[in-house]
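Summary of the model geometry
Each chain, letter by letter, is given below.
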Amino acid sequence: MNMAKRVEAVDVTAYYGSFKAIDSITMTIEPKSVTALIGPSGCGKSTFLRSINRMHEVTPGAKVQGKLMIDAEDIYDPRVDVTAVRRAIGMVFQRPNPFPTMSIYDNVVAGLRLNGVRKKSTLDDAAESSLRAAHLWGEVSDRLKRPGGGLSGGQQQRLCIARAIAVEPQVLLMDEPCSALDPISTLAIEDLIGELKDRYTVVIVTHNMQQAARVSDRTAFFSIESTGDPGRLVEFDDTTKIFQNPGEKKTEDYITGRFG
Amino acid sequence: MTTLSQNGSLLAGSLRRRRLPKALPPLLGVAALGVSAAGILGTGAGGWVLTVVVAAVLFVLATLIVSGAVEGGRRARDRVATIAVYGAFILALIPLGSVVATLLAKGTGRIDAEFFYHSMNNITALDSGGGAYHAIIGTLQQVGIAAVLAIPLGLAAAVYIVEYGRGRLTTVIRFFVDVMTGIPSIVAGLFVLAFWVLIVTPVFNHGRPGYSGFAAALALTVLMLPTIVRSAEEMLRLVPQALREGSYALGVPKWKTIMRVVLPTAAPGIVTGVMLSIARAAGETAPVLLVAGGTPAINFNPFSGNQESLSYFVYEQAGAASQFAPGRAWTAALTLIAIVAILTIAAKLLARRSTIGR
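Residues numbered from 1 in each chain as written. Chains lettered and ligands numbered in written order. Predicted model: local features only at pLDDT ≥ 70, side-chain atom pairs only at ≥ 80, totals over all residues. Heavy atoms only, no water.

For clarity, the threshold we go by: UniProt positions are given in the numbering used here, feature names are shortened, and annotations may be inferred rather than shown by experiment.
Chain B goes by Phosphate transport system permease protein PstA in an unreviewed UniProt entry, where it is assigned to Actinocatenispora comari. You can read under Function (unreviewed entry) in the UniProt record for chain B the words "Part of the binding-protein-dependent transport system for phosphate; probably responsible for the translocation of the substrate across the membrane." If you open the UniProt record of chain B and go to Subcellular location (unreviewed entry), you find "Cell membrane".

Per an unreviewed UniProt entry, the recorded name for chain A is Phosphate import ATP-binding protein PstB, and the organism is Actinocatenispora comari.

**Some remarks on the UniProt feature "domain: ABC transmembrane type-1" (unreviewed entry) in chain B**
Going by this rule: For the purposes of this entry, the term helix denotes a DSSP run of H or I that reaches at least four residues, the term strand denotes a run of E that reaches at least two, and both are numbered from the N terminus.
The positions UniProt marks with the feature "domain: ABC transmembrane type-1" (unreviewed entry) are residues 136-351 of chain B. Note that residues 136-351 of chain B is 79% helix and 0% strand, and that its end C-alpha atoms are spaced 26 Å apart.

**Topic: the domain arrangement of chain B**
Residue and element names in this part refer to chain B. To keep it simple, the criterion reads: Source of the domain bounds: an automatic or database domain assignment. Buried area counts how much accessible surface, traced with a 1.4 Å probe, disappears from two parts once they are put together, with both parts' losses summed. Here, a salt bridge means any side-chain nitrogen of Lys or Arg that lies within 4 Å of a carboxyl oxygen of Asp or Glu. What qualifies as a polar contact is a pair of N or O atoms within 3.5 Å, subject to a donor-acceptor requirement within protein and to the restriction that residues adjacent in sequence count only when both atoms come from side chains.
In terms of domains, chain B is made up of domain 1 (16-109) and domain 2 (115-353). For domain 1 versus domain 2, the separation of C-alpha centres amounts to 42 Å. When residues of domain 1 are sorted by the area they lose upon contact with domain 2, Leu103, Lys106 and Gly107 head the list and together hold 80% of the total. Here domain 1 and domain 2 share zero salt bridges between them. At the boundary of domain 1 with domain 2, the tally comes to one residue pair in polar contact (both at pLDDT 80 or more).

**Remarks on the sheet that holds strand S10 (residues 232-238) of chain A**
All names here are of chain A. Put simply, the rule reads: Here, strands pair whenever DSSP counts at least two bridges between them. Inter-axis angles, ranging from 0 to 180 degrees, are taken between N-to-C directions of lines fitted to C-alpha atoms, where helices are fitted over the stretch in contact. Contacts were defined at the residue level, with two residues in contact if any of their heavy atoms lie within 4.5 Å.
If you walk across this open sheet you meet the six strands as S6-S7-S8-S3-S9-S10, and the pairing is mixed. Bordering the open sheet on either side are strand S6 (89-92) and S10, each of which pairs with just one other strand. Each neighbouring strand pair of the sheet contributes to a mean axis angle of 15 degrees, computed without reference to strand direction. This element, helix H1 (residues 45-52), spans strand S3 (34-38), S6, strand S7 (171-175), strand S8 (201-205) and strand S9 (218-223) of the sheet and lies at about 150 degrees to S7.

**Re the environment of Ala84(B)**
Within the element layout of this structure, Ala84(B) appears in helix H4 (residues 73-107). Between the C-alpha atoms of Ala84(B) and Ala56(B), which are 28 residues apart in sequence, the distance is 9.8 Å.

**Focus on the interface of chain A and chain B**
The figure often quoted for interface size is the accessible area lost as the parts come together. Inclusion rule: Residues are grouped as follows: nonpolar covers Ala, Val, Leu, Ile, Met, Phe, Trp, Tyr, Cys and Pro; charged covers Asp, Glu, Lys and Arg; every other residue, Gly included, is treated as polar.
Taken residue by residue, the interface counts 29 residues in chain A and 22 residues in chain B. Roughly 2100 Å² of surface becomes buried between chain A and chain B when both sides are summed, with 65% attributable to carbon and sulfur atoms. On the chain A side of the interface with chain B, the three residues burying the most area are Phe99(A), Thr101(A) and Leu114(A), jointly 30% of the side's total. Counting across the interface, chain A meets chain B through one salt bridge. The salt bridge involving Arg50(A) is made with Glu245(B); its shortest N-O contact spans 2.8 Å. At the surface where chain A touches chain B, the tally comes to five residue pairs in polar contact (both at pLDDT 80 or more). Of all elements in the fold, only helix H2 (82-88), S6, helix H3 (104-113) and helix H6 (153-166) of chain A reach the threshold of two or more residues within the side of chain A that touches chain B. Class assignment for the residues of the side of chain A that touches chain B results in 15 nonpolar, nine polar and five charged.

**A word on the sheet that holds strand S2 (residues 19-29) of chain A**
Residues and elements named next belong to chain A. Taking strand neighbours across the sheet as the criterion, the four strands line up as S2-S1-S4-S5 in an open arrangement whose pairing is antiparallel. Each end of this open sheet is capped by a strand with a single partner; those strands are S2 and strand S5 (73-74). The pairing of strand S4 (residues 62-70) with S5 spans two bridges and is classified as antiparallel. Residue pairing for S5: Met69 is matched across the bridge by Asp74. Together, strand S1 (7-16), S2 and S4 form the strand contacts of H1, whose direction differs from that of S2 by roughly 65 degrees.

**Structural notes on the environment of Ala281(B)**
Residues and elements named next belong to chain B. The following threshold applies: Burial status follows relative accessibility: with a 1.4 Å probe on protein chains alone, a residue under 20% of its type maximum counts as buried, one over 50% as exposed, and anything between as partly exposed.
Checked against the element boundaries, Ala281 lands in helix H11 (residues 254-282). A residue is classified by how much of its surface remains accessible, and Ala281, at 3% relative accessible area, is buried. Put simply, Ala281 and Ile339 are 58 residues apart on the chain and 12 Å apart in space, counted from C-alpha to C-alpha. Contact partners of Ala281, with chain neighbours within four places excluded, come to Val143, Leu220 and Met224.

See the structure below:
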């Protein structure tokens, strides 16, 4: 099993074309913990999350400046292989996106198979352990050959989590993983996040402040001055402190619902 | 308010309306046909086409009047619109059904062993017998080679436009693909004649132009490419960006994402586009006439010597002044349709298998 790693952002600034989406974010995300990124829409929390595994640059015209260190290795160094970065830093998206042409089994092992793992026993083991870790094994073990698109929304999202952890990443990024799900599926995934932090560094973007309070150890509050301004990190501290005794007036306004 | 109180519905607090009995509209149709037949066929004023047209007009008028009186104007207009939509659908089906019916009626006459196992070698137009074996071979080889050339090229171009293309070059490619879509097949044939047959092949052929099935395949490739590129491009654009990102997030390289996630997802639609282009190519006569030349004999080698094709065979036989030639032409046309239909069905089944059963 891979070791969870520390993520250090130093002056990370991200652009879409000429639009500056986030401005010099500096923060350290500790290994084996859950860090929540909260803030109003457009504050750049998703952009920051996507710059941690270099998904930001997939958008045409998007670029990132600054340093992003994974255990002291800068992933924006020109010599770094972007596919290796993404293998080490998994991601779960807002909407479940299982591959529609693949079965449940093929979806889970897609990351391994498309990266050259062929041995059947290895794939079988990875599929079972990932599905068990994602609390989906019991529901799908008798229909692994059926299409992943036939599952419910919550099951699909857990399938996507299983797919992400099957490649044994060191960091797991989650971009509002529950926003398309009902409360019961949301609860299942929150429980799962609590278990995943024993093995991974988890970073989760969420609009739901109760969720941030429930699942995370530390919380980062992002905000913008007004539309068109870049997002900035306002406060980053232990979740209990952010929610009970925030250091900044803006954070307090946001979490008490007076703003945003 | 008077109409409402007449119907007695809203004032009575009911949501019900008076409706025509279900059997009445079809009865009106039959009655219209009967009246029209009696008036036109009975008096000898016209044939059955005029009868049907007049019956349709009568049917619409009767529906308007009866439905308008019982159900009100809105419902009457709804009924007339329904009749118009069904009528348009039937009109659109008539040519298609007529072609299939005619082919089946006239094309089955020569379905015999001789037709499928013999060529027209040493058989003149005035003789009975003869077959299209050489033409079937030619069509399969020419379309096969054209498909082998056009499908990879077309898919690669579509992948470039959608996945890699940025800026000017892509715009230029798309523009020329659009222009190519409109190229008449005779122009594609002339292009291959001028470039391949008259300039390139003499170099390898002791200075003589080399007519061949391969030259026809080249012309068909030119015709197939734009259809494949444009249809594949549309299908690739429909693949959600979320799937590509899901694959990238697993550390899968871009080319593998395209090969293993994007193309399989778009496969059913791409297959439809490819089959359309193959069907078009199989039916082309002009390029074969110009660069393969046609021959009454069997030629298994597409790279050397004249070759026949089914569409060209139909053209020849349909134009020959002989009581036996039209039968050969009809059966060849039916064979061509059958080949295209079988290929299309096979391709669809294959595409469905490549995704997974739902």
